[in-house]
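Chains, contacts and geometry: an overview
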Amino acid sequence: MDYGLLIIGIALLVISYLVGVKKQTWLLAGFNEKMIKNKSLLGTITGMGFFLPLGLIVVFNSAFNYANEGTVLIVAMLVLLTAVYIFINRRLLD
């Protein structure tokens, strides 16, 4: 068991809760608040669509060892990030 990955996974799950459920979008850096139509939807999509699955994948990777786990983690992160980025740019920006 890799405890460093476990701590990172738990931190991602906490951020997922804070952003997705509590709607604390101030934790998200790098977006212009004036251009976002619906901050609540931004929190839900980012928290539940990016941070939650990524946190679960990182916790899984910390508990189990398998071949190419680093590659799987990076590919999953890039796919999730791309999907959330495209959704936000098409639906939430003015």
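Criteria and thresholds
- Here, residues in each chain are numbered from 1, in the same order as that chain's written sequence.
- Where totals are concerned, whole chains, interfaces and linings use all residues; where local detail is concerned, this predicted model gives features only for residues with pLDDT of at least 70, and gives and counts side-chain atom pairs only at 80 or more.
- The side-chain quantities take in all heavy atoms of the structure and omit both hydrogens and water.
- The numbering of helices and of strands both runs from the N terminus, where a helix is a DSSP run of H or I of at least 4 residues and a strand a run of E of at least 2.
- Working rule for contacts: check all heavy atoms of both residues, and any pair within 4.5 Å makes them a contact.
- The convention is simple: Lys and Arg are positive, Asp and Glu are negative, and His and the chain ends are not counted.
- Note that the charge is assigned to NZ on lysines, CZ on arginines, CG on aspartates and CD on glutamates.
- The definition of a polar contact used here is a pair of N or O atoms within 3.5 Å, where within protein one atom must be able to donate a hydrogen and the other to accept one, and adjacent residues in sequence count solely through side-chain atom pairs.
- Side-chain rings of Phe, Tyr and Trp, where Trp is taken by its six-membered ring, are said to pair if the distance between their centres is within 6.5 Å; with planes under 30 degrees apart they count as stacked, over 60 as edge-to-face, and otherwise as tilted.
- The buried label applies to any residue whose accessible area, calculated with a 1.4 Å probe on protein chains only, is under 20% of its type's maximum; exposed applies above 50%, and partly exposed to all values in between.
- Convention adopted: a line fitted to C-alpha atoms gives each axis, helices being fitted over their contacting stretch, and angles between N-to-C directions are expressed from 0 to 180 degrees.
- Every angle not falling under 35 degrees, over 145, or within 65 to 115 is termed oblique; those three ranges are roughly parallel, roughly antiparallel and roughly perpendicular.
- Crossing handedness follows the turn of the near helix against the far one: under a right angle anticlockwise gives a left-handed crossing, and clockwise gives a right-handed one.
- Both site types are read off a 1 Å grid over the protein atoms alone. A 1.4 Å probe that fits but cannot get out defines a cavity, while an open set with protein on both sides within 12 Å along at least five of seven lines defines a pocket; lining residues have an atom within 4 Å of a point.
- Grid points are joined across faces, edges and corners, and a volume is the space filled by probe spheres set on the points.
- Three residue categories are used. Nonpolar comprises Ala, Val, Leu, Ile, Met, Phe, Trp, Tyr, Cys and Pro, charged comprises Asp, Glu, Lys and Arg, and polar comprises the others, including Gly.

Here's the deal with the overall build of the chain
Assigned secondary structure in the chain consists of 3 helices and 0 strands. Across the chain, helices and strands are ordered from the amino to the carboxyl terminus as α-α-α. When contacts within the chain are restricted to residue pairs at least 6 apart in sequence, those whose partners lie at least 24 apart make up 69%. Looking at the chain, you have 7 positive and 4 negative side-chain charges, and the mean spots of the two groups are 16 Å apart.

Structural notes on the side chain of Ser 62
Tracing the backbone shows Ser 62 in helix H2 (residues 39-63). Among the polar contacts made by the side chain of Ser 62, one reaches the main-chain carbonyl oxygen of Val 59 at a distance of 2.6 Å. The contact partners of Ser 62, leaving out residues within four places of it in the chain, are Met 1, Asp 2, Leu 5 and Leu 6.

Details of unusual backbone geometry
Where the residue is not glycine, phi is negative for most of them; where a peptide bond is considered, it is trans in most cases. If you check the backbone angles, Lys 23 has positive phi at about 60 degrees while not being a glycine. Note that Lys 23 resides in the loop between helix H1 (3-20) and H2. The phi dihedral of Asn 68 is positive, around 60 degrees, even though this residue is not glycine. By the secondary structure assignment, Asn 68 is in the loop between H2 and helix H3 (69-91).

Description of the packing of aromatic side chains
Summed over the entire model, instances satisfying the criterion amount to 3 aromatic pairs. Summarising the aromatic geometry, the rings of Phe 50 and Phe 51 are spaced 5.1 Å apart at their centres and angled 70 degrees between planes, so their arrangement reads as edge-to-face. Each ring, one from Phe 60 and one from Phe 64, has its centre 4.8 Å from the other, and the planes form 45 degrees; the classification is tilted. Judged by relative accessible area, which is 42%, Phe 60 ranks as partly exposed. Looking at Phe 64, the relative accessible area reads 47%, which means it is partly exposed.

Some thoughts on the packing of H1 against H2
Contact pair H1 / H2: the axes reach a minimum separation of 8 Å and the direction vectors enclose 165 degrees. Taken together, the axes of H1 and H2 are roughly antiparallel relative to one another. Of the two elements, H1 crosses H2, and the hand of that crossing is left-handed.

So, the layout of surface pockets
Space inside the largest pocket adds up to approximately 370 Å³. Looking at the largest pocket, it is lined by 16 residues, and the ones nearest its centre are Ala 29, Phe 31, Leu 42, Thr 46 and Ile 88. Those elements that place two or more of their residues in the lining of the largest pocket are H2 and H3. At 5 residues, H3 tops the list of elements feeding residues into the lining of the largest pocket. Considered class by class, the residues forming the lining of the largest pocket number 12 nonpolar, 4 polar and no charged.

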